[in-house]
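# Secondary and tertiary structure notes
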Amino acid sequence: MIRSEFLAKQPPLKTPRTQLVPIGPRFGPQVRRAASDPEIRRLTGAHRTPDQDQLRQRLETVAGRDDQAEWAIVRGQDASYLGRVALDDLDRANESMTYKISLRGTDVAGQGYGTEAGEAVINFGLGILGLHRIQLAVYAFNERAIKSFSKIGFETEGVLRHALLWDGRWYDQLIMSVLTPGALDQVAEPKQTGVQQDG
Ligand SMILES: CC(C)(COP(=O)(O)OP(=O)(O)OC[C@H]1O[C@@H](n2cnc3c(N)ncnc32)[C@H](O)[C@@H]1OP(=O)(O)O)[C@@H](O)C(=O)NCCC(=O)NCCS
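Residues numbered from 1 in each chain as written. Predicted model: local features only at pLDDT ≥ 70, side-chain atom pairs only at ≥ 80, totals over all residues. Heavy atoms only, no water.

Counting through the fold element by element, E119 comes out in helix 5 (residues 113-129). In the structure, E119 is positioned 10 residues away from A109 in sequence and 16 Å away in space, judged by C-alpha atoms. (Helix = DSSP H or I, 4+ residues; strand = E, 2+ residues; numbered from the N terminus.)

Here you go:
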């Protein structure tokens, strides 16, 4: 059972070097700047910069939603905005959500901040929300992201071939997921066929 009250009233999370703060309109300028960064756009396959009105509206309405959660990653040391991390696309019936993360730029990548934030969000999703499965999609060229996701428990389960056309070249996309601990230990229930066995 999903405890979606923890989505509607999303708690802040803490990691050794960062605070994860529920995102909102006050982060608008930083989110817009990051979304326009050419390298971030390549890594996330964003062909267009987001529509400004849509982005503002999303940041204004994200609080209180019981089908997604999104945090700003804020560095403890100097309160600077490092990026954002989210769980969205809640599938209540199948107890799953999708994980998304983007640091503000490559100036703060490679220092473990994204991995640290991701670990806190995955623990929250599986441990507090009660999700069974969290999935993500990542381009095969994004080695840093794949390593980071593997470190926090994601495993590759498939490849979408030629999912991205960027600067005239095709790139594959990996689907990765993490399941709640012990998920694969469950023993399948014997099927009830309704057929009586003789003797
Ligand atoms: C992907 C992302 C969340 C990873 O978080 P991070 O904190 O930067 O990752 P880390 O610093 O923990 O690095 C993870 C691993 O990648 C390695 N790494 C760092 N830079 C690398 C690079 N340029 N190429 C290959 N590996 C790299 C690190 O050494 C580390 O491996 P190790 O633990 O074996 O040493 C973050 O970099 C990010 O948001 N990037 C921009 C947007 C993006 O790619 N989003 C994901 C879209 S699906």
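Alright, that's what it looks like, and here's the rest.
In the vicinity of the ligand, 21 residues are found, and the nearest of them are L103, G112, G114, T115 and K151. Interatomic distance of 2.8 Å between a side-chain N/O atom of N142 and an oxygen atom of the ligand. Take R144: an N or O atom from its side chain is 3.4 Å from an oxygen atom of the ligand. Burial of the ligand by the protein amounts to 74% of the accessible area it has alone, namely 950 Å². Residue assignment for the shell around the ligand shows that the elements contributing at least two residues are helix 3 (38-44), strand 5 (96-103), helix 5, strand 6 (133-139) and helix 6 (143-151). The leading source of residues in the shell around the ligand is helix 6, at six residues. Residue classes in the shell around the ligand are distributed as nine nonpolar, eight polar and four charged. (Near = heavy atom within 4 Å. Polar contact = N/O pair within 3.5 Å; in protein donor to acceptor, adjacent residues only side chain to side chain. Areas by Shrake-Rupley, 256 points an atom, 1.4 Å probe, with all protein chains shown as cover. Nonpolar A, V, L, I, M, F, W, Y, C, P; charged D, E, K, R; others polar.)

Strand order in this open sheet of eight strands is 1-2-3-4-5-6-8-7, and the pairing throughout is mixed. Each end of this open sheet is capped by a strand with a single partner; those strands are strand 1 (13-14) and strand 7 (155-166). Where strand 2 (residues 18-22) and strand 3 (residues 69-75) come together, five bridges link them in antiparallel fashion. The residue of strand 3 that forms the bridge with P22 is W71. (Pairing = 2+ DSSP bridges.)

Enumeration according to the criterion identifies seven aromatic pairs in this entry. Consider the rings of F27 and Y81, whose centres lie 5.8 Å apart with planes at 35 degrees: the pair is tilted. Here Y81 lies in strand 4 (residues 81-91) and F27 lies in the loop between strand 2 and helix 2 (28-36), a separation of 54 residues in the sequence. Of the two residues, F27 and Y81, neither departs from the other in class, the shared state being buried. Pairing F149 with F154 gives two aromatic rings, centres 6.0 Å apart and planes at 65 degrees, and the pair type is edge-to-face. For F149, a relative accessible area of 8% gives the class buried. Here F154 falls in the buried class, since its relative accessible area comes to 3%. An aromatic cluster of three or more residues is present, and its members are Y99, F149 and F154. For R17, the ring lying beneath its charged end belongs to Y113, and the centroid distance is 4.3 Å. (Phe/Tyr/Trp six-rings, centres within 6.5 Å; stacked < 30°, edge-to-face > 60°. Buried < 20%, exposed > 50% of the residue type's maximum accessible area, 1.4 Å probe, protein only. Lys NZ or Arg CZ within 6 Å of the ring centre and 35° of its normal.)

Take the nonpolar core next. Within the largest apolar cluster, 36 residues are counted, with the highest numbers of intra-cluster contacts made by L20, L87, Y99, L131, I134 and F154. Put simply, the parts of the chain that give this core at least two residues each are strand 3, strand 4, strand 5, helix 5, strand 6, helix 6 and strand 8 (169-179). Looking at this core element by element, the count peaks at eight residues for helix 5. Discounting chain neighbours no more than four positions away, the residues touching L131 are I2, L87, L90, E95, S96, M97, G125, L126 and T180. One finds I23, V62, V74 and Y81 within the second-largest nonpolar core, a separate group that totals 10 residues. (Core = buried A, V, L, I, M, F, W, Y, C linked by side-chain atoms within 4.5 Å. Contact = heavy atoms within 4.5 Å.)

Turning our attention to the UniProt feature "domain: N-acetyltransferase" (unreviewed entry) in the protein. The UniProt record annotates "domain: N-acetyltransferase" (unreviewed entry) at residues 29-181. The annotated region residues 29-181 carries 33% helix and 37% strand content, and the separation between its end C-alpha atoms amounts to 38 Å. (UniProt positions renumbered as here; feature names shortened; annotations may be inferred.)

Now for the environment of L184. Structurally, L184 is set in the segment after strand 8. Residue L184 is classed as exposed on the basis of its relative accessible area, which comes to 73%. As a C-alpha pair, L184 and P25 span 159 residues in sequence and 40 Å in three-dimensional space.

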